[in-house]
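As a plain string of letters, each chain reads:
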Amino acid sequence: MSEKKLGWKSLSIGGYLLEPGSAMKYKTGDWRAFKPVIDQKKCINCLLCWIYCPDSAIIRLEKYVEVNYDYCKGCGICANECPVKCITMVEEER
Amino acid sequence: MGKVTGLTGNEAIAYAVKQCNVDVVAAYPITPQTIMVEVISEYVYNGEIDAEYVCVESEHSALSACIGASLTGARVFTATASQGLALMHEILYVASGLRCPIVMGVANRALSAPLNIHGDHSDMMGSRDCGWIQIYAESPQEAYDWIIQAFKIAEDHRVLLPVSVNIDGFILSHSMERVEILEDGDVSKFLPPRKPFITIDPTKPITVGALCLPDYYFEVKFQQIQALKESFNVIREVNAEYETLAERKYGFLETYAMDDAEAAIICLGSTAGTAKAVAMDLRSKGKKVGVIKPWVYRPFPEEELIKAVGDVKAIAVLDRACSFGAPFNALCSDIIATLYRHGKDLRVFNCLYGLGGRDITPNDLKIIFEEALEVAKTGKVKEYVKYVGVRE
């Protein structure tokens, strides 16, 4: 998340975005104050977190789920909805 | 060379716009600018220019339509005054932020309340930080000349900023004067079709006006700060090229009788004409007074001002818009800031005048000159802000 940000000389004029679909490149994960940490031993792969995640930041794997920290803003909805309480919100260290 | 004709300020601007081969005009009529867009709409109706005239329901929409048109690569003009400019306020910042080289004619008029349709600078001064290049003309001739130069300055890729050309409402907008107009072909040669740096095109999608958060907003705004700095060179170049074409010399400011002046008046727009006449009269009586008239108000021409001020000992700065509650009104604040920054220690006082179109007479200016001479002699300012002619 700590990629080097462009200065005024390198930015396109007026903040124009010159290629479509570039929102993918914006890693909103660095907005996060708390990060969800999944205890994969407890995860029952019910996918409720995957359904509820407003940022599509839950990655489905065969037996459990993972968090895409590039885009997870740390809202905590997944932790709140998890029926087995396997997701803990841990404060980000900066 | 061109020919001589009689035009009002509004007509002179409309005529210049016609010669500049604009592609799109979106404007809403408002006194005292109405005739500007009326004449342009006639040109479009008569087929004298191949332009799209967009009838809109407000100035907010007018400038919004202009931005859309400008993004397609079109050469765009709009015009407004007073409440109209105030209604555009939000979009003024969008136009400069999106780097749209729109040119706008403004027939300066007072702002409500109380309702008043006459000339003062409250409208443009109220939006002076909108990031536009701002030019004040003294006569219909200057308005005509600046409009043609404005497109060239605005569209230069080193600048890409909108430009407003201001004329005093009624005093210039409705007064017919001698105007020398150029040949159409000469204007076309001076101002070739616009070459946009990028255009919106469905086959090559781009995003314009995207959300820009704290991590990038400042950098984009800094680009504008740099563009305004760059515009100094561009304005200089355009002025020089225009001089060879029209044989009329423009710059950031005009000086009159400043060579050995002890006291000076600095003012914008038509008032400078009266001030020059009064200065000429006082000069004939041996009083060393001069006049400085900034043409370009934004970017503020600091270096040129310092050079113009020379060895003057006292300056009266005339403001035609009130900065309520401020230590000085807008132009005077900029002058004092410039003098301070360049280590010039001389006496300055501010005269607020002509609000709501109240005339400033030669006698008013004579009194101001005499006070400035007195300040130059004694080195003491009696009153830092004067309110010319206001009744108790």
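Before reading on, note that the structure itself is shown above.
## Some remarks on the interface of chain B and chain A
(1) Moving on: Contacts between chain B and chain A engage 20 residues on the former and 16 residues on the latter.
(2) Moving on: In this assembly, chain B packs against chain A so that about 1700 Å² is buried in total across both faces, 68% of it on carbon and sulfur atoms.
(3) Moving on: Viewed at the interface, chain A and chain B are joined by one salt bridge.
(4) Moving on: Here the element with the most residues in the side of chain B that touches chain A is helix α8 (residues 217-246) of chain B; it accounts for five residues.
(5) Moving on: Here the residues of the side of chain B that touches chain A sort into 13 nonpolar, four polar and three charged.

## Regarding helix α4 (residues 82-97) of chain B
Since the α-helix advances by 3.6 residues per turn, residues separated by three or four positions end up pointing in the same direction.
Residue and element names in this part refer to chain B.
(1) Moving on: For α4, which comprises 16 residues, the first-to-last C-alpha distance of 22 Å matches the rise-based estimate of 22 Å (1.5 Å per residue) to within 8%.
(2) Moving on: By the largest-angle criterion, H89 marks the main kink of α4, which is about 60 degrees.
(3) Moving on: Taken as a whole, α4 has its buried residues at S82, G84, L85, M88, I91, L92, A95, S96 and G97.
(4) Moving on: Each element contacted by the buried residues of α4 is listed here: α3 (59-71), β4 (76-80), β5 (103-108), α5 (122-126) and α8.

## Some remarks on the sheet that holds strand β2 (residues 24-27) of chain B
Pairing between sheet strands relies on hydrogen bonds along the backbone, with the strands arranged either parallel or antiparallel.
Residues and elements named next belong to chain B.
(1) Moving on: Spatially, seven strands are ordered β3-β2-β4-β5-β7-β6-β12 in an open sheet, and the strand pairing comes out mixed. The sheet is open, and its two edges are formed by β3 (52-55) and β12 (296-298), each paired on a single side. Direction aside, the axes of adjacent strands within the sheet are offset by 20 degrees on average.
(2) Moving on: In this sheet, β3 lies alongside β2 in parallel orientation, the contact comprising four bridges. Looking across to β3, one finds that A26 is bridged to V54.
(3) Moving on: Strands β4 and β5 of the sheet are contacted by α4, whose axis makes an angle of about 140 degrees with β4.
(4) Moving on: Running at roughly 170 degrees to strand β7 (residues 163-168), helix α6 (residues 140-155) makes contact with β4, β5, β6 (133-136), β7 and β12 of the sheet.

## Observations concerning the pattern of salt bridges
(1) Moving on: Applying the stated criterion to the full structure yields 29 salt bridges over all chains.
(2) Moving on: For the salt bridge of E92(A) with R32(A), the shortest nitrogen-to-oxygen distance reads 2.6 Å. Of this pair, E92(A) sits in the segment after β4 (87-91) while R32(A) is found in the segment before β1 (34-38), placing the two residues 60 residues apart along the sequence. You'll find E92(A) and R32(A) in the same group, each marked buried.
(3) Moving on: Salt-bridge contacts for D334(B) lead to R298(B); the nearest nitrogen and oxygen are separated by 3.2 Å.

## Section: the sheet that holds strand β11 (residues 289-294) of chain B
Residue and element names in this part refer to chain B.
(1) Moving on: Pairing within the open sheet is mixed, and its six strands lie in the order β9-β11-β10-β13-β14-β15. Pairing within the sheet leaves two strands with one partner each, and these edge strands are β9 (253-256) and β15 (385-387). The sheet shows a mean angle of 20 degrees between the axes of neighbouring strands, taken without regard to direction.
(2) Moving on: Across three bridges, strand β14 (residues 347-352) lies against β15 in parallel orientation. Its bridge partner being in β15, C351 is matched across the sheet by K386.
(3) Moving on: Packed on one face of the sheet, helix α10 (residues 302-309) meets β9, β10 (263-266), β11 and β13 (314-319) and runs near 5 degrees to β9.

Here is what the cut-offs are and how they apply
- Residues numbered from 1 in each chain as written.
- Chains lettered and ligands numbered in written order.
- Predicted model: local features only at pLDDT ≥ 70, side-chain atom pairs only at ≥ 80, totals over all residues.
- Heavy atoms only, no water.
- Contact = heavy atoms within 4.5 Å.
- Buried area = accessible area lost by both parts, 1.4 Å probe.
- Salt bridge = Lys/Arg side-chain N within 4 Å of Asp/Glu carboxyl O.
- Helix = DSSP H or I, 4+ residues; strand = E, 2+ residues; numbered from the N terminus.
- Nonpolar A, V, L, I, M, F, W, Y, C, P; charged D, E, K, R; others polar.
- Expected span 1.5 Å × (residues − 1).
- Bend = angle between axes of the 7 residues up to and from the residue.
- Buried < 20%, exposed > 50% of the residue type's maximum accessible area, 1.4 Å probe, protein only.
- Pairing = 2+ DSSP bridges.
- Axes fitted to C-alpha atoms, helices over the stretch in contact; angles between N-to-C directions.

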